[in-house]
Amino acid sequence: MSRRYLYAIMQEASSPQLEDTKPVSGGEGGIEVIYADGLAVLSSDTSLDEVMATRRNMLTHTRVLEDAMTFGPILPFSFGTVVDNLGSIHDLIAGGKDAFIDDLQMLQGKMEIGLRASWDEQRIFSEIVEEDPDLRALALQVRTRPAAETYQTKIELGQRAEQLMIKKREAEGDALHALASQFALDVRKHTVSADMAVLDAAYLIQQSQETALMAALEAFDGEARGRLTLKIISPAPPYNFVSMNMAHDQLKAA
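Note that the structure is a prediction, hence the values are computed from the model and not measured.

Caption draft 1: Examining the sheet that holds strand E8 (residues 197–206) more closely. Strand order in this open sheet of four strands is E7-E8-E6-E9, and the pairing throughout is antiparallel. Of all strands in the sheet, those bounded by a partner on one side alone are strand E7 (186–189) and strand E9 (228–236). Across this sheet, the average inter-strand angle for adjacent strands is 15°, counted without regard to direction. In this structure, strand E6 (residues 110–119) lies alongside E9, joined through seven bridges in antiparallel fashion. Paired with Trp119 across the two strands is Leu228, which belongs to E9. The strands touched by helix H5 (residues 151–181) are E6, E7, E8 and E9; relative to E8, the strand with the most contacts, the crossing angle is about 10°.

This is the structure we're talking about:
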């Protein structure tokens, strides 16, 4: 049975031309645009019940979304969304048409920007040692006393360093987030888990604000003098502000 792999929903008027864009593996042909009730659904053939989340497939999925965004707002489906046939697409659109149209109108003239920031570990550790007298004293003891005498000191040093690192990370993450948020209509700030991660957030902005936001981030990056590494994804598919979920064989805008 030929199934359909789904990428995104767009406005019919966007008329995306994606003949040269390659589809996710498991199917023949290219990206097809299925028109239904004033909307356009980007899909491709697949013979698979489930598409493997390989790096290649995930990058291909993202590339389709990036190409589609050049034609207008999109509502992106999560990687791996497969329906049984073309008829299922029309049924799914009929079940959520009004919400899809509302969300596409909301995204008109807007874009999502992804921003991640992480520290240079050695430089930050040197900074917190230099800034805190108690930590400097503990570090000096570890360096100048025999290892057998500094076991407990090393524990105290690690605990003190972790406390200061968390406090400093929150302060610098908040400062960067506040800067980017000045340009945003809506924001999604995610919890950072990696030790050296400072910020992981997404910003919904007017497209006209992109240049100003980028200039502000470039200035911030310059002031950080290599202490921070910024990763900016622009534009990003608007996963953080409009999500498409499979539920009871219908797609609903969340």
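Now that the structure has been shown, the text picks up again.
Caption draft 2: Layout of the packing of aromatic side chains. Enumeration over the complete set of coordinates arrives at two aromatic pairs. Each residue in the set Tyr5, Tyr7 and Phe79 is aromatic and connected to the rest through ring pairs, giving one cluster.

Caption draft 3: Quick look at helix H6 (residues 210–224). In this model H6 runs 21 Å from its N-terminal to its C-terminal C-alpha over 15 residues, within 8% of the 21 Å that 1.5 Å per residue would give. Taken residue by residue, H6 has Leu213, Ala216, Leu217, Phe220 and Ala224 as its buried positions. Projected down its long axis, H6 shows its buried positions confined to an angular sector of 95°, all on one face. The exposed residues of H6 that point more than 90 degrees off its buried face are Thr211 and Glu218.

Caption draft 4: Molecular detail of the confidence of the model for the chain. For the chain, per-residue confidence averages 87 on the pLDDT scale, and residues scoring 70 or more make up 94% of the total. Note on residues 246–254: pLDDT is under 50 here. Beyond four places in sequence and across chains, it has 23 contacts.

Caption draft 5: Structural context of a negative patch on the surface. Where like charges cluster on the molecular surface, the negative patch consists of Asp120, Glu121, Glu162 and Asp195. Tracing the sequence through the fold places Asp195 in the loop between E7 and E8.

Caption draft 6: Spatial organisation of the pattern of salt bridges. For the coordinates displayed, the defined rule picks out 12 salt bridges. Ionic pairing is found between Glu32 and Arg4, a salt bridge with its closest N-O pair at 3.4 Å. Here the residue Glu32 occupies a position in strand E2 (residues 32–36), and Arg4 occupies one in strand E1 (residues 3–11), the gap between them amounting to 28 residues. When its relative accessible area of 33% is taken as the criterion, Glu32 is described as partly exposed. You can call Arg4 buried: its relative accessible area is 4%. One salt bridge in this structure joins Lys168 and Glu131, with 3.2 Å as the shortest N-O distance.

Caption draft 7: A look at the nonpolar core. Membership of the largest hydrophobic core comes to 33 residues, with the highest contact counts inside it found for Leu176 and Tyr203. When contributions to this core are tallied by element, the ones reaching two or more residues are E6, helix H3 (121–131), helix H4 (133–144), H5, E8, H6 and E9. Broken down by element, the residue count for this core peaks at seven residues, all from H5. Counting residues in each nonpolar core, the second largest holds 19 residues, with Leu107, Ala202, Leu204 and Val242 among its members.

Parameters at a glance
Residues numbered from 1 in each chain as written. Predicted model: local features only at pLDDT ≥ 70, side-chain atom pairs only at ≥ 80, totals over all residues. Heavy atoms only, no water. Pairing = 2+ DSSP bridges. Helix = DSSP H or I, 4+ residues; strand = E, 2+ residues; numbered from the N terminus. Axes fitted to C-alpha atoms, helices over the stretch in contact; angles between N-to-C directions. Contact = heavy atoms within 4.5 Å. Phe/Tyr/Trp six-rings, centres within 6.5 Å; stacked < 30°, edge-to-face > 60°. Expected span 1.5 Å × (residues − 1). Buried < 20%, exposed > 50% of the residue type's maximum accessible area, 1.4 Å probe, protein only. Arc of directions from axis to C-beta. pLDDT = per-residue confidence, 0-100. Patch = residues over 30% accessible without salt bridge, like charges linked within 9 Å, V, L, I, M, F, W, Y side chains within 5 Å. Areas by Shrake-Rupley, 256 points an atom, 1.4 Å probe, with all protein chains shown as cover. Salt bridge = Lys/Arg side-chain N within 4 Å of Asp/Glu carboxyl O. Lys, Arg positive; Asp, Glu negative; His and termini not counted. Charge placed at Lys NZ, Arg CZ, Asp CG, Glu CD. Core = buried A, V, L, I, M, F, W, Y, C linked by side-chain atoms within 4.5 Å.

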